[in-house]
Amino acid sequence: MLMFDYAALEALSAVLATGSFEAAAARLHVTPSAVSQRIRTLEDRMGAVLVVRGTPCTGTEAGLRLARHAEAVALLEAELTPPEAPPVLRIAVNADSLATWVLPALAAVPDRLFDLVIDDQDHSADWLRRGEVVAAVTSSARAVPGCDVRPLGALRYLATASPAFIARHFPEGLSTAALARAPALVFNEKDGLQAAWLRQVTGESPPLRAHRIASTTAFVEAAELGLGWGMNPEVLVRGAIAAGRLAALAPEPLAVALYWQSARRLAGPLAPLTRAMRAAAGRVLLPG
C-alpha cells in the first residue's frame, strides 16, 4: 500500500494554489529549495511528473488528482481535530451566482477558506468530474459520479438594453434580422444564455455580433451605456429598470435551474457549506 508523505503533499497543494515554488515556500514558512525537494521526492515516489514548471506552475493530471486527495484528507482530519489554520474548500461557481447570492453563503461558514473557480453553469460540473473541486453550482440535475446533487432553484434572467439602444436597433420591434444586426453582450465563448433566450422567444437562434465582457457587474453597466443587449439576472437590474436606465427587450424571462453538487465522500465536512448554499439560494432564486 502506497503511503504518502503529507509534508510533500502539502507542498504540492501550495505550489498549485500559488503558482510558484517561492510563493508556496512563503505560505509554508520553508525555503523554496525545501519545497522543490519535497516535490521531487513525491514525483520519484509516484513515478510521474506532478508539476509543470512555468509561470505560473500548473499541475499535471496526476498532480491535480493527488493535490485534491491531499485537500480531501485535510478536510476529513479537520472533523476529528480542528487545525490551527482552517481548511480550504475549492468549489466551482458561475459568475452570476457569485454576484447575486453565493457570497452570503460563504460568509455563513466562517471556519473555512474558499478557493473559487469561476465557470459557466453549463460547464462547472466538468471540474467535479476531473476531481479538481469538491463541489459546484451547476445547471446539471444529473449527478456527477460520486457526488450528491440538490436543487437550489432557478436564477431568472431578462434580456435588457438601454431605452436608447432599443429605439435605435429595434424601432419596429424584435425581428430575426434586427437581432442579427444589433450588437449583443456575451460573457465568454461558453455563454449560451442569449442564444437560449432567442430560441425561447423567436424559435430561432441567429448568429450574434457580440462584445465579450467577462464580468457580471460590467455586463450590466455595458447594457446601461448602450454597448449592446444581454441577459442579466433580474435581481441585479430591477433598480436600473425602475429608474429607466434599462428596459426589457421582451417580457419573457429565461429561468436557469441551478443545482449544488458535492463530493459524497466529503458529505460530513461539506455539510455546513451545503446548508448555507441552499439557504442563501432560497432567499434569491425562484423555487423549482
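Below is a summary of the structure that appears in this document. (Residues numbered from 1 in each chain as written. Predicted model: local features only at pLDDT ≥ 70, side-chain atom pairs only at ≥ 80, totals over all residues. Heavy atoms only, no water.)

As for the pattern of salt bridges
Next, step 1: For the structure shown, the criterion picks out 11 salt bridges.
Next, step 2: For the salt bridge of Arg156 with Glu234, the shortest nitrogen-to-oxygen distance reads 2.8 Å. In this pair, Arg156 sits in strand 6 (residues 147-161) while Glu234 sits in helix 11 (residues 234-242), placing the two residues 78 residues apart along the sequence. (Salt bridge = Lys/Arg side-chain N within 4 Å of Asp/Glu carboxyl O. Helix = DSSP H or I, 4+ residues; strand = E, 2+ residues; numbered from the N terminus.)

With respect to the packing of helix 5 (residues 95-107) against helix 12 (residues 267-284)
Angle between the axes and distance between the axes are the two parameters that describe a pair of packed helices.
Next, step 1: Remark: helix 5 packs on helix 12, axes separated minimally by 8 Å, with the N-to-C direction vectors making an angle of 145 degrees. Pair helix 5 / helix 12 crosses with right-handed handedness. When helix 5 is examined against helix 12, the residues Thr100, Trp101, Val102, Ala105 and Leu106 are found in contact with a partner set consisting of Leu273, Ala276, Met277, Ala280, Ala281 and Val284.
Next, step 2: Here the contact of helix 5 with helix 12 is built from residues that sort into 10 nonpolar, one polar and no charged. (Axes fitted to C-alpha atoms, helices over the stretch in contact; angles between N-to-C directions. Left-handed = near helix turned anticlockwise from the far one by under 90°. Contact = heavy atoms within 4.5 Å. Nonpolar A, V, L, I, M, F, W, Y, C, P; charged D, E, K, R; others polar.)

Some thoughts on the pairing of strand 11 (residues 254-263)
Residues in a regular strand project their side chains so that they alternate between the two faces of the sheet.
Next, step 1: Burial of strand 11 is extensive: eight of the 10 residues sit out of reach of the surface.
Next, step 2: Strand direction decides the pairing type here: strand 5 (residues 135-138) and strand 11, joined by four bridges, are antiparallel. Looking across to strand 11, one finds that Ala136 is bridged to Gln261.
Next, step 3: Relative to strand 11, strand 6 is paired through 10 bridges, and the arrangement is antiparallel. Within the sheet, the bridge partner assigned to Arg150 lies in strand 11 and is Trp260. (Buried < 20%, exposed > 50% of the residue type's maximum accessible area, 1.4 Å probe, protein only. Pairing = 2+ DSSP bridges.)

Overview of unusual backbone geometry
Next, step 1: Backbone torsion omega between Thr55 and Pro56 reads 0 degrees, so that peptide bond is classified as cis.
Next, step 2: Looking at where Pro56 falls in the secondary structure, it is placed in the loop between strand 1 (51-52) and strand 2 (58-59).
Next, step 3: Backbone geometry places His29, a non-glycine residue, at a positive phi of 60 degrees.
Next, step 4: Assignment of secondary structure puts His29 in the loop between helix 2 (21-28) and helix 3 (32-46).

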